[in-house]
Amino acid sequence: MRFIVTTTAFTSLLVLSSCTPFEAQLPGSGSGSSTTPATPATTATSTSTSTAGTGSVAATDELQLALTIHVERRDTEVNNEAEFGAHVATLETLSDLAATYDVILNFELSSAFVEAIDQWGSTFIEDMTAIGHGISQHSGDQTTAGLTGEARVAELTEQREAIEAHGVTVNYVSGACSTDDDWVESAVAAGFSAVTGITEYCLASLDDATLPDGMEWIRDCTNPSICHDPIHVGTERVLHPWTTSTSAGWLNDDPSGGLVIVSADDATGFVTMSQTGEADLATSLEQWIEMLDTYTSSTVDGQLNVLNTVLSIGPEPEWEVVEAMFAEAQARQDAGELTWALLSDLVAQAVAEAPTQAADPAVVYTDTSSDLGEGLPAGGGSCLPPACKPTGGTLP
């Protein structure tokens, strides 16, 4: 018994049925190249990662919806082909489901996953880019922890070049921030135009004049997995990528800056599936509809409008919940309210747009409650509500 999800622009009806528009057939295990994943009916053209598709980035007053897939590190899959094959199979199943609902995925690959790709001769990167999905780098896997200066630049460059050896151009990096005073400068030096996966942990690099009032506690956080919420900067600032050139002042928009900051917002269903693989269908869909309502009604004419959200794999997600969320977004895409987008395209557009526009307003931070909680080890430990914020962010 499965759910068929039918949608209008703003509502979703769940109907019990013995069939479904998507049957989650796991592809074969192994290198990930034994099956050909389905192709989305409509994809966006990318100058950096994709050869498929029929269009380019849509008009700037339309919401550009980007779904980034954090392909989390599994250290054992470098030495265990069966485990790597199972990881790839889950990602291919997600790609097949995305094709059913015209969804574009932006895969951000951990260094361990890229190493396993090369170890087992997988064509995962080539297969996904041929479909029209995006490929980029996920450095939020602690591979850059403790590195500064030339060492940090070298590590980021090595990770980028390992992916680009598969015939793609990587123009942004996920999860590259740190509490150090040079992470922005290092990303630029390593050849990136943008960074995603911005969390509250990144705020610790800001100078005292730029750090939002009430966020002083972030300087005591030494565990990025605890201080892991996306930054709470409000809908207006989330929608519009901004540019910076300094780790000490990256929260302020500098139109002449060398690095684009792509913020994000949490979708409850994606958050809980990233953590455990499970999610409540009704709760997830209700919050997803509310979030899409908010962002589609808040776009600004004459600028790039982006909603970036994240699903980590990780655990195998609850496919019925993913399907329901995809179906709701497809109805809105059909209605002309939004379009799924490649982040690499949006980054290129943000780079071109920045010098032509005035700086965005200063950030008004909307939630300064601490993630550290009472009674936790210094720097953060196991932190669950109500001791900490209930939002439970999943980035980077």
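Calculation notes
Residues numbered from 1 in each chain as written. Predicted model: local features only at pLDDT ≥ 70, side-chain atom pairs only at ≥ 80, totals over all residues. Heavy atoms only, no water. Core = buried A, V, L, I, M, F, W, Y, C linked by side-chain atoms within 4.5 Å. Buried < 20%, exposed > 50% of the residue type's maximum accessible area, 1.4 Å probe, protein only. Helix = DSSP H or I, 4+ residues; strand = E, 2+ residues; numbered from the N terminus. Expected span 1.5 Å × (residues − 1). Arc of directions from axis to C-beta. Polar contact = N/O pair within 3.5 Å; in protein donor to acceptor, adjacent residues only side chain to side chain. Axes fitted to C-alpha atoms, helices over the stretch in contact; angles between N-to-C directions. Parallel < 35°, antiparallel > 145°, perpendicular 65-115°, else oblique. Contact = heavy atoms within 4.5 Å. Nonpolar A, V, L, I, M, F, W, Y, C, P; charged D, E, K, R; others polar. Salt bridge = Lys/Arg side-chain N within 4 Å of Asp/Glu carboxyl O. Disulfide = S-S within 2.5 Å. Phe/Tyr/Trp six-rings, centres within 6.5 Å; stacked < 30°, edge-to-face > 60°.

### A few points about the nonpolar core
Most often, soluble globular proteins have nonpolar side chains that are buried together.
Okay, step 1: Residues Leu109, Phe124, Trp250, Trp288 and Phe326 are the most contacted members of the largest nonpolar core, which totals 91 residues.
Okay, step 2: Ranked by residues supplied to this core, first place goes to helix 9 (residues 319–334) with eight residues.

### A word on helix 4 (residues 149–164)
Three- or four-residue spacings in an α-helix give side chains the same orientation, since the helix completes a turn every 3.6 residues.
Okay, step 1: A rise of 1.5 Å per residue sets the reference length of helix 4, with its 16 residues, at 22 Å; its end C-alpha atoms lie 23 Å apart and thus fit the reference within 8%.
Okay, step 2: Among all positions in helix 4, only Arg152, Val153, Leu156, Thr157, Gln159, Arg160 and Ile163 are buried. Seen end-on, helix 4 carries its buried residues on one side only, within an arc spanning 160°. Residues of helix 4 that are exposed and point over 90 degrees away from its buried face: Glu150 and Glu158.

### Re the environment of aspartate 208
Okay, step 1: Considering the arrangement of structural elements, one finds aspartate 208 in the loop between strand 7 (194–196) and helix 6 (235–239).
Okay, step 2: Taking the relative accessible area as the measure of exposure, aspartate 208 reaches 66% and is therefore exposed.
Okay, step 3: Sequence separation between aspartate 208 and alanine 248 is 40 residues; the distance between their C-alpha atoms is 8.7 Å.
Okay, step 4: Looking at aspartate 208, its side chain comes within polar contact range of the side chain of arginine 219, at 3.0 Å.

### Digging into the packing of helix 1 (residues 81–100) against helix 2 (residues 111–119)
Okay, step 1: Relative orientation of the contacting elements helix 1 and helix 2 amounts to 110°, with a least axis distance of 11 Å. One element, helix 1, and the other, helix 2, form an angle in the roughly perpendicular class. Taken together, the residues of helix 2 that come into contact with helix 1 (itself represented by Phe84, His87, Val88 and Leu91) are Phe113, Ala116 and Ile117.
Okay, step 2: Residue composition of the contact of helix 1 with helix 2, by class: six nonpolar, one polar and no charged.

### Regarding the pattern of salt bridges
Okay, step 1: Evaluation of the coordinates by the stated rule reveals seven salt bridges.
Okay, step 2: The shortest N-O distance in the salt bridge between arginine 160 and glutamate 164 comes to 2.9 Å. Of this pair, arginine 160 and glutamate 164 both sit in helix 4, four residues apart, which is roughly one turn of that helix.
Okay, step 3: Residue class for glutamate 164 comes out partly exposed when judged on its relative accessible area of 23%.
Okay, step 4: Across the pair arginine 332 and glutamate 337 runs a salt bridge, and its minimum N-O distance is 3.4 Å.
Okay, step 5: Relative accessible area serves as the criterion here: at 0%, arginine 332 is assigned to the buried category.
Okay, step 6: Given the relative accessible area of 18%, glutamate 337 is considered buried.
Okay, step 7: Counted as one network, the salt bridges with shared partners bring together Asp293, Glu328, Arg332 and Glu337.

### Section: the state of the cysteines
Each disulfide consists of one covalent bond between the sulfur atoms belonging to two cysteines.
Okay, step 1: A complete count under the given rule lists two disulfides for this structure.
Okay, step 2: With its sulfur 1.9 Å from that of its partner, cysteine 177 forms a disulfide with cysteine 202. Because the torsion about its S-S bond is -65°, the bridge between cysteine 177 and cysteine 202 counts as left-handed. With cysteine 177 in the loop between strand 6 (172–174) and helix 5 (183–189) and cysteine 202 in the loop between strand 7 and helix 6, this residue pair connects regions lying 25 residues apart in the sequence.
Okay, step 3: Cysteine 202 gets classed as buried once you look at its relative accessible area, which sits at 0%.
Okay, step 4: Each disulfide pairs two cysteine sulfurs, and for cysteine 221 the partner residue is cysteine 227, the sulfurs being separated by 2.0 Å. Between cysteine 221 and cysteine 227 the sulfur-sulfur dihedral comes to about 115°; the bridge is accordingly right-handed.
Okay, step 5: Overall, cysteine 221 belongs to the buried group, its relative accessible area being 3%.

### Quick notes on the packing of aromatic side chains
Okay, step 1: Counted under the stated rule, the structure contains six aromatic pairs.
Okay, step 2: Seen from their ring centres, phenylalanine 84 and phenylalanine 113 are 5.4 Å apart, and the 45° between their planes marks the pair as tilted. Residue phenylalanine 84 is found in helix 1, and its partner phenylalanine 113 is found in helix 2; the two are separated by 29 residues along the sequence.
Okay, step 3: Overall, the relative accessible area of 0% leaves phenylalanine 84 in the buried class.
Okay, step 4: When the ring of phenylalanine 270 is compared with that of tryptophan 288, the centres are 5.5 Å apart and the planes differ by 70°; the resulting orientation is edge-to-face. With a gap of 18 residues between them, phenylalanine 270 in helix 7 (residues 268–276) and tryptophan 288 in helix 8 (residues 281–296) connect regions that are remote in the sequence. You'll find phenylalanine 270 and tryptophan 288 in the same group, each marked buried.

### Section: unusual backbone geometry
Okay, step 1: Cis geometry marks the peptide bond from isoleucine 313 to glycine 314; its omega dihedral reads 10°.
Okay, step 2: Tracing the backbone shows glycine 314 in the loop between strand 10 (306–313) and helix 9.
Okay, step 3: Positive phi is not limited to glycine here, since aspartate 102 has a value of about 55°.
Okay, step 4: Following the sequence through the fold, aspartate 102 ends up in the loop between helix 1 and strand 4 (105–109).
Okay, step 5: Here aspartate 102 falls in the buried class, since its relative accessible area comes to 12%.

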